[in-house]
Structure formats: C-alpha cells, structure tokens
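Residue-level structure breakdown
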Amino acid sequence: MNPALVISKREIRAYFNSPVAYIVVTVFTILTGYLFFTQLFLEKQADMRPFFGVMPLLFMFVIPAITMRLVAEEKGSGTLELLITMPVRDWEVIVGKFLAALFLLCTALFLTLAFAITVKSLGPLDRGPAIGGYVGLVLMGGAYIAIGVMASSLTRNQIIAFIVAFAISFALFLFGKLTQFVPESIQPIVSFLSIDGHFENISRGVIDSRDVIYYLSVIAVCLLVATTSLESRKWK
Amino acid sequence: MSDVMIQVENLTKDYGPARAVDKVTFNVRKGEVLGFLGPNGAGKSTTMKMLTCFLAPTAGTARVAGHDVFDESLEVRRRIGYLPEDTPIYRDMTVLEYLEFAAELRGMDAQKSRGRIKEIGGRCGLSDVAGKLVSELSKGYRQRLGLAQAMLHDPDILILDEPTSGLDPNQIVEIRELIKEIGKERTIILSTHILSEVQATCSRILIINGGKLVADGTPESLTSREKRGRYRVVLQAAGAAFRSPEAAQEAIRTSLSRLAGVSACQTVNGEDGAHTFGIDASTPDDLRPLLFKAAVDNKWSLLELVRESVSLEAVFRNLTTGDEPKSESKAESTSPEARS
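Residues numbered from 1 in each chain as written. Chains lettered and ligands numbered in written order. Predicted model: local features only at pLDDT ≥ 70, side-chain atom pairs only at ≥ 80, totals over all residues.

**Topic: the overall build of chain B**
A count of helical and extended segments in chain B gives twelve helices and 14 strands. Whereas a compact globule of 340 residues would reach a radius of gyration of roughly 20 Å, chain B reaches 26 Å, over 25% beyond that. Expressed as lengths along the three principal axes of its C-alpha atoms, the size of chain B is roughly 85 × 45 × 35 Å. In chain B, which comprises 340 residues, the share counted as buried stands at 41%. A separation threshold of at least 6 residues defines the contact pool for chain B, and within that pool the share at least 24 residues apart is 67%. (Helix = DSSP H or I, 4+ residues; strand = E, 2+ residues; numbered from the N terminus. Rg over C-alpha atoms; globule rule 2.2 N^0.38 Å. Buried ≥ 20, exposed ≤ 12 C-beta atoms within 10 Å, placed from the backbone. Contact = placed C-beta atoms within 7 Å.)

Shown next, in the form of structure tokens:
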C-alpha cells in the first residue's frame, strides 16, 4: 500500500477512535437537518437548494475543526519526528492526512443523503442539481480541507491552526460578497476567487471545467504549501 | 571502505545564530556499537536528527549506508531504525496497532510482518501489553515499544537516542543485552548520560561538547589517555623516629608532596601506624618506581602501592567542564547548558 494511504488509514482510525468524528458528524447532521426540515415544514417545499445554500458557511466552521489537529498535533507531541524519519515522502504525509479528513467529510455528507431521499419520496427530485450539488460539496469541501491542512502544518498549536484556516476560508468566502464594491476592472478576478461562487454554479447542475479547476487548484496550492512547510525543517 | 556504515564529515548545524553542531567528523564501521556522550545540549540529539534525515545539515556531509542523508534521504531512512528522544508514539493506538502501522509504512509484506511483530514484541517484552493503548503504558513499556519499532524491519543501522531512559534496572540490563547482541552484526549509535552504560555496551565512544567532538576512542583508550594518574600508597614508619603517629603521618605526607611529579598528596587515613595516602600525579609517567624508592630511602615499610585506573567519569568531566587546554573552545565548554 502506498504510504499516503497507510497514513490516511491511521488518521481515519484516529478520528473514529476519538470523539472528534462522532461530534462532527452529529453536529453537522443536526444543523443541516434543522435547516432542511424547517424549510420543508414551514414553506411546504421539498427542495435541496436551501440545504446546499448554507454549506459554504457551515463548512467554514466545521472543516477547520476536523483539520486543525492533523499536522499541528504531531508537531506539538513530537510524533512527527518518528513519522517522517520513516521512509515516507513529505507529500505523502500531507496527502494522507488530506484524504483522511476528506473521508470524514464524505461520511457526514453521506448521512445527508437522507434529505435527498425525503425530497424524492415527497415529489420529483431534480436530479441534475442534486448530483451536481453533492459533487460540488465534495470539491468545495476538499478545498476547505486543503486550506485546513495547510493552516495546521504552519503551527504546532491547534487553536492557531483553527483560526488561520477559518480566516483564510472566510476571506475566500467574502470575495464573492465584495464584487459590487470593487472597481469594475478587477471584478472578474475577485468573483473568480470566491469559494462559494463556483459551488453555486455546480449546484445548479452545470459542471463547468472552470469551477472544477478552481477547486482543484486551491487544493493543489494549499497541499503544496503544506508540504513545503513540512520540508522547511530541512532548509539550511 | 565497504564496512564503513556511517561517514560523517565536518557536519555542522546552526539554529539561527547558535551553532549546535560544529564540524563533527567521524566514521562508524559495521559491528560497532558507538556511544555518544556529552552534557545536555551538547549536540548529540541534533547530530542524530541529521543522521536520520529529520534535519538537514547547515554544512558538511553525512553518508549513511553509502547514501547521502540530504540527497538520498529515502534510501537512508529505509536502512535505519530510529528511536527519538522521549519516544514520541501516537497515544491513541494500541501497541499492536502501532507496530502494524510501522510495518505497513515501511512497506513490509503483511504475512511476513505478522511473524516479525510477534518475534520482536517477544524480544522487547511487549507480549503482555499488545492490546493496550500507548497512552496507558508506563514509560518503560513505551521505551520498549520505541525500540521494537526501530528494530522491526531488521535495519542495518540503529540510531537510539537515550534508549534506556525511564527503564528499571532489570529492564536496563535486558535492553543492554539486546543492544549488544544486535550490535554484533549491525551498527548502532546510542546516546546516553549514563557512563556505566557506555562501558557496558559500547565498543567505541564519542564525546561531544559544545557541538565539538572532543574525544573518540574505545573506552579503554579513553581512560588510559587521561594523563594525570592517581596512586594510593599505604606506608608504615618506624615508630621510634616520631613522637606520635600524627607527626609521623604529617612528616611522610610532606616528604611525599615534595617528590618530583606529585601534584598533591592527601592523607586518607592512618590506623595502627599504617598510613594511607592518595597521590595525584602531574605527569603521565608512572610514579610507582619513584614512590618505591622514596619509601626505601626513608626506611618506610611499603604495605601497598596501587595505580588507580581513571574512571570514565573523570575523563568525561575533564573533557566537558572546560579544564581542557584547547583554549578556543573554552568559552563554549564552560557553559554547555546555555545551548539547550
């Protein structure tokens, strides 16, 4: 097995051996369930859109909470030394940890399929936006996780890791809201950087390569920074 | 050349403006157990971290099993087993889970690793705690687990940072035996504060102080290299010549201190007219003939004359507390603590 997968297996086990996974999954499903069912009962509307709509905001709090420990904890307790003196490449450590957090997020998202089933049993489910929405959630979640892994690799303090990850995600989130206030010439750039704008496109059921590329680039850049930060111990 | 497993040349590491390791050069051959000694903060752990590819040297090179620690770090890491200081092991895993994780990470075949884990677990005395969480283990067991993971893949080179810290005396003996046994065919570098441990397990000693290598040799060569010898003489003087035993003792002491090559002479005790003196020599020459002649000339009866062997403790203290004549390193060696 590739060392990255061995590491991610260990991290997944660490998540599920501790309360972290259960708390995150429970809080996540309760919050999304509340938002979904209020809509359903108050407005008598079986629709996935409000559920997807709140996700960029919700991820901002939930994902830094699951990523903050990934590297920072190992730096703090010294286990990183034993891990990276084994025959593993630095990027394998980072990618392994990224995949573990992505797995946890997918577990939480899997449980929310109950909402899709509810909608389907009450009326016709609009398949395109639903599938697009979930694909978008995984892509956007991946970007948030990569930001979190990067923040975690920069410090040995988990609280700092949380706050940095939150701040970066929030900044990317704000870009989407700021488009009206910036000069017209840089508007396209600002709106392109917006982390939830691309998700809105995908969750309409249109999977455009521009949006996919945006998330994949955020993931690549953040994981690269995280790997570099791990390597920085070797700078002369 | 082929049996040189570790080759270190002018290895230097700076932490910001502070120099932790300063141009250290040494070789380690196959089958050697090398003891790494030095006060806290002398640069032992830093050197080990560079050999295990955790840190990169600021200058100089280190080759482990023929591979450069910087350019071919993956190759190096495949061939070593490393026990870091304080044994940092995931606390949320059980002993067995951790060993399985380490085996998988090293790409060991699942079938083979199961047998190997059982074997190494038995050798390190871990069989009883296989299902326990690492966070529940005592320091001694955690240390054994650290050793077990370092030896799991049967590496050619073992680098152990304070392998016996936190163990009880019985465990220390067991681990030393284990190290000795493995050291026959493999290469081991271990660091320690316990000097008797070095004498018991190591075939060679490096003493490092203030980042500089100050001694390199076998335990025997280091202790015999120590120049200022120490002697113990027991003499009896004819009672008639002196008014009292005390006077006799004082007279003998005075004449002994006047001998050439004697830097100090203390009275240890004097019972039944037999006076015991401790003599510090100021030269490396053997003083025994001189002392014997003095006894004959003065008509003292020589009951005992022993040249005491210098302990490794004395060598260590001499080399690391700054009465070393090397004046350039003096400032650093007088305050080794400042570095930690």
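**Regarding the overall build of chain A**
Helix and strand counts for chain A come out as twelve helices and zero strands. The helix and strand sequence of chain A, counted from the amino end, reads α-α-α-α-α-α-α-α-α-α-α-α. Taken over the C-alpha trace, chain A has a radius of gyration of 19 Å; the compact-globule value for 236 residues is 18 Å, and the two agree within 12%. Projecting the C-alpha coordinates of chain A onto the three principal axes gives extents of approximately 60 × 50 × 30 Å. The buried share of chain A, taken over its 236 residues, is 44%.

**Section: the sheet that holds strand β13 (residues 274-281) of chain B**
Think of a sheet as strands paired side by side through backbone hydrogen bonds, with each pair either parallel or antiparallel. All names here are of chain B. If you walk across this open sheet you meet the four strands as β12-β13-β11-β14, and the pairing is antiparallel. Single-partner strands in this sheet number two, and they are β12 (262-271) and β14 (300-308). Along the sheet, successive strands turn relative to each other by an average axial angle of 20°, direction set aside. Across eight bridges, the pairing between β12 and β13 is antiparallel. Opposite Val262, over in β13, you have Ala281 as the bridge partner. Against the sheet, helix α9 (residues 245-257) touches β11 (230-237), β12, β13 and β14, its axis set at about 160° to β12. (Pairing = 2+ DSSP bridges. Axes fitted to C-alpha atoms, helices over the stretch in contact; angles between N-to-C directions.)

**Side note on the sheet that holds strand β7 (residues 157-161) of chain B**
All names here are of chain B. Spatially, the six strands line up as an open sheet ordered β6-β7-β8-β3-β9-β10, and their pairing is mixed. On the outer flanks of this sheet lie β6 (80-83) and β10 (212-217), each paired with one strand and no other. Adjacent strand axes in the sheet meet at a mean angle of 15°, parallel and antiparallel pairs treated alike. Here strand β3 (residues 33-37) pairs with strand β8 (residues 187-191) via four bridges, running parallel. Each bridged residue has a counterpart across the sheet, and for Val33 the counterpart in β8 is Ile188. Along the sheet face, helix α5 (residues 139-151) touches β6 and β7 and points at about 165° away from the line of β6. In this fold helix α11 (residues 312-320) packs onto β3, β9 (204-209) and β10, with an angle of close to 30° to the strand it touches most, β9.

**So, the confidence of the model for chain B**
Residues and elements named next belong to chain B. Chain-level statistics for chain B give a pLDDT mean of 82 and a share of 90% at 70 or above. Here helix α12 (residues 330-334) stands out as the least confident element of chain B, with mean pLDDT 36; helix α3 (residues 95-105) is the most confident, with 94. Across residues 323-340, confidence stays below pLDDT 50; counting only partners more than four residues off in sequence or on other chains, it has 28 contacts. Taken over the whole predicted complex, pTM reads 0.82, whereas the ipTM for its chain interfaces reads 0.88. (pLDDT = per-residue confidence, 0-100.)

**With respect to the packing of α3(B) against helix α4 (residues 110-123) of chain B**
Residue and element names in this part refer to chain B. Here α3 crosses α4 at 130°, and the two axes come no closer than 10 Å. Classified by the angle their axes make, α3 and α4 are oblique. Of the two elements, α3 crosses α4, and the hand of that crossing is right-handed. Note on element contacts: α4 touches α3 through Ser113, Ile117 and Gly121, opposite Leu99, Glu100 and Ala103. Taken together, the residues that form the contact of α3 with α4 break down as three nonpolar, two polar and one charged. (Parallel < 35°, antiparallel > 145°, perpendicular 65-115°, else oblique. Left-handed = near helix turned anticlockwise from the far one by under 90°. Nonpolar A, V, L, I, M, F, W, Y, C, P; charged D, E, K, R; others polar.)

**Thoughts on the pairing of β3(B)**
All names here are of chain B. Burial within β3 is extensive, with five of its five residues counted as buried. Of the two faces of β3, the one carrying Val33, Gly35 and Leu37 and the one carrying Leu34 and Phe36 are both buried. Bridging between β3 and β9 involves four bridges; their strand directions are parallel. In the strand pairing of β9, Gly35 is matched with Ile205.

**Observations concerning the environment of Gly33(A)**
With respect to the element layout, Gly33(A) can be found in helix α2 (residues 19-42). When the C-alpha atoms of Gly33(A) and Phe51(A) are compared, they prove to be 8.4 Å apart, with 18 residues separating the residues in sequence.

**Some details on the interface of chain B and chain A**
Tallying the contact residues gives 20 residues for chain B and 21 residues for chain A. Of all the secondary structure elements, the ones that give two or more residues to the side of chain B that touches chain A are α2 (73-79) and α3 of chain B. Class assignment of the residues belonging to the side of chain B that touches chain A gives a composition of twelve nonpolar, two polar and six charged.

**Some points on the confidence of the model for chain A**
Summary statistics for chain A give a mean pLDDT of 90 and a share of 100% for residues scoring 70 or more. When mean pLDDT is taken per element in chain A, helix α6 (residues 90-111) of chain A scores highest with 95 and helix α10 (residues 187-193) of chain A scores lowest with 83.

**Side note on the nonpolar core**
One broad trend across soluble globular proteins is that nonpolar side chains are buried collectively. Core analysis: the largest hydrophobic core is formed by 140 residues, its most contacted members being Ala143(A), Ala146(A) and Val149(A). A per-element tally of this core places helix α8 (residues 127-153) of chain A first, with 13 residues. Residue contacts for Val149(A): discarding those within four places in its chain leaves Thr67(A), Leu70(A), Val71(A), Ile94(A), Lys97(A), Phe98(A), Cys222(A), Leu223(A) and Ala226(A). Among the nonpolar cores identified, the runner-up in size contains 16 residues, and Tyr231(B), Phe277(B), Ala295(B) and Trp300(B) belong to it. (Core = buried A, V, L, I, M, F, W, Y, C linked by C-beta atoms within 7 Å.)

**Re the packing of α8(A) against helix α9 (residues 158-178) of chain A**
When two helices pack together, their arrangement is captured by the angle between the axes and the distance separating the axes. All names here are of chain A. In the contact formed by α8 and α9, the axes pass within 8 Å of each other and the chain directions differ by 140°. For the element pair α8 / α9, the angle class is oblique. Once α8 is placed against α9, the crossing between them reads as right-handed. Every residue of α9 that contacts α8 at Tyr144, Ile147, Gly148, Ala151 and Ser152 is listed here: Ala161, Val164, Ala165, Ile168 and Ser169. Considering only residue class, the contact of α8 with α9 consists of seven nonpolar, three polar and no charged.

**Some details on unusual backbone geometry**
Residue and element names in this part refer to chain B. Positive phi, close to 40°, is recorded for Thr87, a residue that is not glycine. Looking at the element boundaries, Thr87 is found in the loop between β6 and α3. Positive phi, normally seen in glycine, also occurs at Lys299, with a value near 60°. Mapped onto the elements, Lys299 comes out in the loop between α10 (288-297) and β14. The class for Lys299 is exposed, based on 9 C-beta atoms found within 10 Å.

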